[in-house]
Amino acid sequence: MYNRIKELRARQDLSQLELARLVGVRRETIVFLEKGKYNPSLRLAHDIAKYFRLPIEQVFLFDDEAAPKPTA
Amino acid sequence: MKRTILMFVISALVLVTLVLWALKGHFTGNIQEIGMSGIVLVVVGFAIYLGVSRLRSHKLHEPAEDELSKKVMMRASSLAYYISIYLWLFVMSISDKTTLEAHSLVGAGILGMAVVFLLCWIGVKVFGTKNV
């Protein structure tokens, strides 16, 4: 599973710390999510998607879905 | 915050105990004692590091613990438990081949478990906790 958090965060000019505070986690969790080293709980995935006003499936994508993989 | 303070208090108590043990003349400077003291210091250093990172989170108005930190702890604990079973099997297998007394072997085993946990924690932090 990969996600578009980094891209969506960049669009809104939002720092990792700001996003972490908005969804109630530590900055390290956002770092791990962006690096693909951690799969979030359904609750956290929901909170992040809700913040970006997108459905969960547009923020978190499975490898078998036809979407480009993030480069970093 | 209470848990952070508790971590510092326990670390300080362990350090004071180590210093008192050395000052009482029990420390003879042989390689076994140096090794054990070194491991205790590493474990205490790890506890202090965790305490400092919790304090830093508190300063940044972040939660001291969140789902990732809990998951890292859980994954590291389960891995360390699994590896520790083999560690104790190893300790049992060498118990009759070594000159160490039983209490020293048990102490070494417990310290070994702490080191195994530390290594597992570092491993989980480096490689992540991805489960898909």
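Everything quoted here is computed from the prediction, not taken from an experiment.

Engineer: For this particular structure, what's the right way to read the overall build of chain A?
Structural biologist: A count of helical and extended segments in chain A gives 5 helices and 2 strands. For chain A, the succession of helices and strands along the chain, N to C, is β-α-α-α-α-α-β. Buried residues in chain A amount to 26% of all 72 residues. Within chain A, counting contacts between residues at least 6 apart in sequence, those at least 24 apart form 53% of the total.

Engineer: I keep staring at helix α1 (residues 2–26) of chain B and nothing clicks. Help me out?
Structural biologist: A rise of 1.5 Å per residue sets the reference length of α1(B), with its 25 residues, at 36 Å; its end C-alpha atoms lie 34 Å apart and thus fit the reference within 8%. With 0 of 25 residues buried, α1(B) lies mostly on the surface of the structure.

Engineer: Before we go on, may I ask you to explain the interface of chain B and chain A in this structure?
Structural biologist: How big an interface is tends to be stated in terms of accessible area lost as the parts join. Taken together, the contacts link 14 residues of chain B with 17 residues of chain A. Ranked by residues supplied to the side of chain B that touches chain A, first place goes to helix α3 (residues 67–94) of chain B with 3 residues. Among the residues making up the side of chain B that touches chain A, the classes are represented as 4 nonpolar, 6 polar and 4 charged.

Engineer: What exactly am I supposed to notice about the domain arrangement of chain B here?
Structural biologist: Residues and elements named next belong to chain B. The domain architecture assigned to chain B consists of domain 1 (1–65) and domain 2 (66–132). Between the C-alpha centres of domain 1 and domain 2 there is a distance of 18 Å. On the domain 2 side, the residues contacting the 8 residues of domain 1 number 9 residues. Tallied by class, residues from the side of domain 1 that touches domain 2 come to 7 nonpolar, no polar and 1 charged.

Engineer: What exactly am I supposed to notice about the packing of helix α2 (residues 31–59) of chain B against helix α4 (residues 102–127) of chain B here?
Structural biologist: Relative orientation and spacing of two packed helices are given, respectively, by the angle between their axes and the distance between those axes. Residue and element names in this part refer to chain B. Taken N-terminus to C-terminus, the directions of α2 and α4 make an angle of 40°; their axes are 10 Å apart at the nearest point. As judged from the angle between their axes, α2 and α4 are oblique. Along this stretch, α2 crosses α4, giving a crossing that reads as left-handed. Only Gly107, Ala108, Leu111, Ala114, Val115 and Leu118 of α4 make contact with α2, whose side of the interface consists of Met36, Ile39, Val40, Val42, Val43 and Phe46. Looking at side-chain class alone, the contact of α2 with α4 contains 11 nonpolar, 1 polar and no charged residues.

Engineer: Would you mind showing me how to read the nonpolar core here?
Structural biologist: General note: in soluble globular proteins, nonpolar side chains tend to be found buried as a group. Of all hydrophobic cores here, the largest spans 15 residues; its most connected members are Val23(A), Val25(A), Ile30(A) and Ile48(A). Elements represented by at least two residues in this core include exactly α2 (16–23), α3 (27–35) and α4 (42–51) of chain A. The residues contacting Val25(A), other than those within four sequence positions of it, are Ala20(A), Ile30(A), Leu44(A), Pro63(B), Asp66(B), Glu67(B) and Leu68(B).

Engineer: What exactly am I supposed to notice about the environment of His103(B) here?
Structural biologist: In this fold, His103(B) is placed in helix α4. Through-space distance from the C-alpha of His103(B) to that of Ser53(B) is 34 Å; in sequence the pair is 50 residues apart.

Engineer: How should α3(B) be read in this particular structure?
Structural biologist: A turn of α-helix holds 3.6 residues, and therefore any two residues three or four places apart point the same way. Under the 1.5 Å per step criterion, the end-to-end length of α3(B) is 40 Å for 28 residues, consistent within 8% with the ideal 40 Å. Taken as a whole, α3(B) has its buried residues at Leu68(B), Ser69(B), Lys71(B), Ala76(B) and Ala80(B). Residues of α3(B) that are buried in the fold lie against α3 of chain A together with α4 of chain B.

Engineer: I would appreciate a short explanation of the packing of α3(B) against α4(B) in the present structure.
Structural biologist: All names here are of chain B. One can describe the packing of α3 onto α4 by two numbers: an axis separation of 8 Å at closest approach and a directional angle of 145°. Our pair here, α3 against α4, has a crossing hand that is right-handed. Residues Val72, Arg75, Ala76, Ser77, Leu79, Ala80, Ile83, Ser84, Leu87, Trp88 and Val91 of α3 touch α4, and the partners they reach there are Leu105, Gly109, Gly112, Met113, Val116, Phe117, Cys120, Trp121, Val124 and Lys125. Here the contact of α3 with α4 is built from residues that sort into 15 nonpolar, 4 polar and 2 charged.

Engineer: Mind showing me how you'd approach the confidence of the model for chain A here?
Structural biologist: Detailed reading of the predicted coordinates is not advisable wherever pLDDT is low. Per-residue pLDDT for chain A has a mean of 87; in total, 89% of the residues score no lower than 70. Looking across chain A, the model is least confident in strand β1 (residues 2–3) of chain A, with a mean pLDDT of 86, and most confident in α4(A), with 94.

Engineer: Hey, could you run me through the environment of Leu6(B) in this one?
Structural biologist: Residue and element names in this part refer to chain B. Relative to the assigned elements, Leu6 resides in helix α1. Note on Leu6: 11 C-beta atoms within 10 Å, which makes it exposed. As for Leu6 and Gly51, which are separated by 45 residues in sequence, their C-alpha atoms are 9.0 Å apart.

Basis of the calculations
Residues numbered from 1 in each chain as written. Chains lettered and ligands numbered in written order. Predicted model: local features only at pLDDT ≥ 70, side-chain atom pairs only at ≥ 80, totals over all residues. Helix = DSSP H or I, 4+ residues; strand = E, 2+ residues; numbered from the N terminus. Buried ≥ 20, exposed ≤ 12 C-beta atoms within 10 Å, placed from the backbone. Contact = placed C-beta atoms within 7 Å. Expected span 1.5 Å × (residues − 1). Nonpolar A, V, L, I, M, F, W, Y, C, P; charged D, E, K, R; others polar. Domains from an automatic or database assignment. Axes fitted to C-alpha atoms, helices over the stretch in contact; angles between N-to-C directions. Parallel < 35°, antiparallel > 145°, perpendicular 65-115°, else oblique. Left-handed = near helix turned anticlockwise from the far one by under 90°. Core = buried A, V, L, I, M, F, W, Y, C linked by C-beta atoms within 7 Å. pLDDT = per-residue confidence, 0-100.

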